[in-house]
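Listed below, chain by chain, are the residues.
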Amino acid sequence: INLDGKLDEPAWAGASPVTSFTQIDPAEGEPATEKTEVRVLVGPDALYMGARLYESDPRSIRRRISRRDESVDGDVFALTLDSRHDHLTGYYFRVTAGGAMRDAVAGGPNGLDLSWDAVWDAAVFTDSLGWSTEMRIPFSQLPYIPADRGCGTQFERSRRTQAGQDRFGV
């Protein structure tokens, strides 16, 4: 995968997309307000995530940038990996439409522990359909994934609108 934010390699076309996103806010459980497709590829040394985030009005995409791990008021795609599959701790990775990255350990009493910094990479691309991102997360950055239990995964998209914020996930 050439990490450029474009999902144009043949491997992405061969991966089945996750598309069953529903709203978290403002109307929990309702269909997502915009189409989202996420694909996952497993390489010999890394996990690849590709997301196509469709936008009916691409001019409305908020491409905010920030320093690493800072909060941002813009359009974002995030995933949390429960690599131990213990339903207690996850590893959170987020990229904004502007390319700002955030990672954290998720869980525990404080929500996100931003002191954890993984070595990973992401790229974004904007076009007439919306925006897309490619993420590469080396396996060396994640705790052991037990083969007999798999890995829990949560995807989330957040987009800013004039009316507020839409969040949806799967």
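Bear in mind that the values here come from a model prediction, so they are computed numbers and not experimental data. (Residues numbered from 1 in each chain as written. Predicted model: local features only at pLDDT ≥ 70, side-chain atom pairs only at ≥ 80, totals over all residues. Heavy atoms only, no water.)

> Would you mind going over the sheet that holds strand β2 (residues 36-42) in detail, with residue names and values included?
With antiparallel pairing, the four strands of this open sheet are ordered in space as β2-β3-β9-β8. Each having just a single partner strand, β2 and β8 (121-127) make up the two edges of the open sheet. Each strand axis lies, on average, 10° off the axis of its neighbour in the sheet, ignoring direction. Inspection of the sheet shows strand β3 (residues 46-54) paired to strand β9 (residues 130-138) by nine bridges, in the antiparallel sense. The partner of alanine 51 across the bridge, within β9, is threonine 133. (Pairing = 2+ DSSP bridges. Helix = DSSP H or I, 4+ residues; strand = E, 2+ residues; numbered from the N terminus. Axes fitted to C-alpha atoms, helices over the stretch in contact; angles between N-to-C directions.)

> Go over the side chain of glutamate 37, please, and point to the residues and values.
Summarising the element assignment, glutamate 37 is placed in strand β2. Judged by its relative accessible area of 12%, glutamate 37 is buried. Looking at glutamate 37, its side chain comes within polar contact range of the side chain of lysine 35, at 3.4 Å. Leaving out residues up to four positions away in the same chain, glutamate 37 has contacts with Pro17, Val18, Thr19, Gly50, Ala51, Arg52 and Tyr54. (Buried < 20%, exposed > 50% of the residue type's maximum accessible area, 1.4 Å probe, protein only. Polar contact = N/O pair within 3.5 Å; in protein donor to acceptor, adjacent residues only side chain to side chain. Contact = heavy atoms within 4.5 Å.)

> Could you give an account of the environment of phenylalanine 93, naming the residues involved and the relevant values?
Inspection of the secondary structure assignment puts phenylalanine 93 in strand β5 (residues 90-96). On the basis of relative accessibility, which here comes to 0%, the residue phenylalanine 93 falls in the buried class. Each C-alpha atom of the pair phenylalanine 93 and alanine 122 lies 9.7 Å from the other, and the pair is 29 residues apart in sequence. Ignoring anything within four residues of it in the chain, the contact list for phenylalanine 93 reads Phe77, Ala78, Leu79, Leu81, Arg102, Asp103, Trp116, Ala118, Trp120, Met135, Ile137 and Leu142.

> I'd like a description of the environment of valine 124, backed by residues and values.
Take valine 124: it is sitting in strand β8. We classify valine 124 as partly exposed; its relative accessible area is 24%. Linking valine 124 and alanine 100, residues 24 residues apart in sequence, is a C-alpha distance of 9.4 Å. If we skip the residues at most four places from it in the chain, valine 124 touches Asp4, Gly5, Val95, Thr96, Ala97, Gly98, Gly99, Trp131, Ser132 and Thr133.

> Lay out the confidence of the model for the protein with the relevant residues and their values.
Confidence along the protein averages 86 in pLDDT terms, with 89% of residues attaining 70 or more. Averaged pLDDT values for the elements of the protein fall to 69 in strand β11 (residues 164-169) and rise to 97 in β8. (pLDDT = per-residue confidence, 0-100.)

> Mind laying out the pattern of salt bridges, listing which residues take part and the relevant values?
Across all of its chains, the model carries eight salt bridges by this definition. Put simply, arginine 159 and glutamate 34 hold a salt bridge, and the shortest N to O gap is 3.6 Å. In this pair, arginine 159 is assigned in strand β10 (residues 152-161) and glutamate 34 in the loop between β1 (22-25) and β2, connecting sequence segments 125 residues apart. Look at glutamate 34 and you get buried, because its relative accessible area is 13%. With a closest N to O distance of 3.4 Å, lysine 35 and glutamate 37 form a salt bridge. (Salt bridge = Lys/Arg side-chain N within 4 Å of Asp/Glu carboxyl O.)

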